[in-house]
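# Commentary on secondary and tertiary structure
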Amino acid sequence: MLVRPALLPELPPSPKALFGREGPLVVEVGFGDGRFTALYAKLHPDRLVLGVEVSAGSVVRALRRLKREGVGNVRLYHGEGAFALRNLVPPRGVLEVIVNFPDPWPKKRHQENRLLQRGFFRKVSTRLGEGGRLLLTTDHEDYFHFALEEALATGLYRVETPPPPPLHLATKYAEKWKGEGRPFFHAVFTKTLGDEAPWPPTRRYPMAHALLEGPLPEHLPLSKTVLPLEGGVAVFLKVLRDEEGFYVLAHVEEEDLTQDLLLEVRRSAHGVYAGVSHFGHPLITEGVKGAVRGLVERLKGLGLKVVQDHA
């Protein structure tokens with residue numbers, strides 16, 4: 001039920017590869033504790049629901065709920081909505097995108113972090129099928145009007161603002177805010193055109209490592225090192241040493257994707273291995289390769305010599 005992109009044979013997968021059968025595909029961005037997701041999936045058993053959520057705790061709670069309630073037509077992805085739409089669903093293959101109560105980022109200086117901006121609407125249009133819709137429900141009036149303006153600016157959608165369907169108010173926050181008498185706002189953005197700019201899946205690689213010759217250093221001074229990358233950044237957070245070598249906890253941010261991964265520096269039969277550990281099944285992207293290149297450069301600075309490079 002939990003989608004791990006690194007384990008998929010291709011990106012994007014077909015609905016059958018992801019769900020075991022074909023059917024209308026729905027993407028919910030920000031499912032919280034999964035109560036709406038479960039209700040929606042049970043009301044539409046013919047549909048295939050891909051839920052996307054950045055909070056690890058929410059993913060765990062939703063996963064438990066779906067298993068407890070026996071919901072089988074849902075898959076969950078822990079990560080960013082833009083990454084999921086880009087890599088986990090086929091172009092023009094989505095019936096609906098549902099966004100319930102997104103973070104409004106109310107301060108003006110933070111508004112660039114809002115999900116529903118014109119660039120996102122353009123990208124979503126490449127994934128929606130003919131007549132596909134994005135549904136927004138929010139209690140934040142300013143964000144509601146912001147989203148309407150951003151969608152209309154693309155020229156790709158017909159915008160309607162009916163009352164919120166009762167089902168869309170069956171979320172953790174909506175249940176809480178109903179009692180406070182807050183107003184709710186709902187919009188239906190129906191695709192009329194598709195953006196012409198391509199939005200290909202994130203490029204991934206089969207490996208990211210190098211073999212070096214020379215003695216393992218006594219120390220690897222990398223902790224809290226920031227490595228700028230093209231379109232992102234890698235941060236080496238912590239270095240641990242054991243009898244085999246070093247483990248480096250790294251944080252990599254690049255477009256639409258954030259990963260925490262484990263890098264290794266250890267003695268092997270062919271020399272010193274420096275590269276990505278399989279722990280956690282990271283997706284090997286350009287950013288991950290950049291982190292490995294940064295690790296290798298540090299080892300070269302400590303006197304080791306590269307004899308084979310796949311970074």
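One structure accompanies this document, and this report is about it. From a predicted model like this one, the values you see are computed outputs, not experimental measurements. (Residues numbered from 1 in each chain as written. Predicted model: local features only at pLDDT ≥ 70, side-chain atom pairs only at ≥ 80, totals over all residues. Heavy atoms only, no water.)

Counting 42 residues, the largest nonpolar core has Val-27, Leu-50, Tyr-77, Val-97, Leu-116, Leu-134 and Phe-189 as its most contacted members. Sorting elements by how many residues they give to this core places helix H6 (residues 141-154) first, with 6 residues. Beyond its immediate chain neighbours, meaning those up to four positions away, Val-27 contacts Leu-50, Val-52, Leu-85, Val-89, Val-94, Glu-96, Val-97 and Ile-98. Membership of the second largest hydrophobic core comes to 30 residues, among which are Val-239, Val-248, Val-288 and Leu-295. (Core = buried A, V, L, I, M, F, W, Y, C linked by side-chain atoms within 4.5 Å. Buried < 20%, exposed > 50% of the residue type's maximum accessible area, 1.4 Å probe, protein only. Helix = DSSP H or I, 4+ residues; strand = E, 2+ residues; numbered from the N terminus. Contact = heavy atoms within 4.5 Å.)

All right, on to the environment of Ala-38 then. Along the chain, the position of Ala-38 falls in helix H2 (residues 35-43). Aside from chain neighbours lying at most four places away, what touches Ala-38 is Arg-65, Leu-66, Glu-69 and Val-71.

Below, the discussion takes up a positive patch on the surface. The grouping of Arg-61, Arg-64, Lys-172 and Lys-176 at the surface amounts to a positive patch. Of all the elements in the fold, those that place two or more residues in the positive patch are helix H3 (56-68) and helix H7 (172-178). By secondary structure assignment, the location of Arg-61 is in helix H3. (Patch = residues over 30% accessible without salt bridge, like charges linked within 9 Å, V, L, I, M, F, W, Y side chains within 5 Å. Areas by Shrake-Rupley, 256 points an atom, 1.4 Å probe, with all protein chains shown as cover. Salt bridge = Lys/Arg side-chain N within 4 Å of Asp/Glu carboxyl O. Lys, Arg positive; Asp, Glu negative; His and termini not counted. Charge placed at Lys NZ, Arg CZ, Asp CG, Glu CD.)

All told, the structure shown has 8 aromatic pairs when counted by the stated rule. Aromatic pair Phe-36 and Tyr-40: ring centres 5.7 Å apart, planes at 35°, arrangement tilted. Linking Phe-36 with Tyr-40, this pair stays in helix H2, spanning 4 residues, or about one helical turn. Aromatic pair Phe-121 and Tyr-157: ring centres 5.5 Å apart, planes at 70°, arrangement edge-to-face. Separated by 36 residues along the polypeptide, Phe-121 in helix H5 (residues 118-127) and Tyr-157 in strand E6 (residues 157-160) bring together distant segments of the chain. Using a relative accessible area of 7% as the deciding quantity, one classes Tyr-157 as buried. A cation sits over an aromatic face here: Arg-266 above Tyr-273, 4.4 Å from the ring centre. Lys-289 extends its terminal NZ or CZ atom over the ring of Tyr-205, reaching a point 4.8 Å from the ring centre. (Phe/Tyr/Trp six-rings, centres within 6.5 Å; stacked < 30°, edge-to-face > 60°. Lys NZ or Arg CZ within 6 Å of the ring centre and 35° of its normal.)

Our focus in this paragraph is the sheet that holds strand E3 (residues 74-78). Read across the open sheet, the 7 strands follow the order E3-E2-E1-E4-E5-E7-E6; overall the sheet is mixed. Taken across any chain shown, the strands that pair with only one partner, and hence form the sheet edges, are E3 and E6. Neighbour to neighbour, the strand axes of the sheet diverge by 15° on average, direction disregarded. One ladder, built from 6 bridges, connects strand E4 (residues 94-100) with strand E5 (residues 128-138); its direction is parallel. For Val-94, the partnering residue across the bridge sits in E5 and is Leu-128. In the packing of H2 onto the sheet, the strands contacted are strand E1 (25-29), strand E2 (48-53), E3 and E4, and the crossing angle to E4 comes to about 150°. (Pairing = 2+ DSSP bridges. Axes fitted to C-alpha atoms, helices over the stretch in contact; angles between N-to-C directions.)

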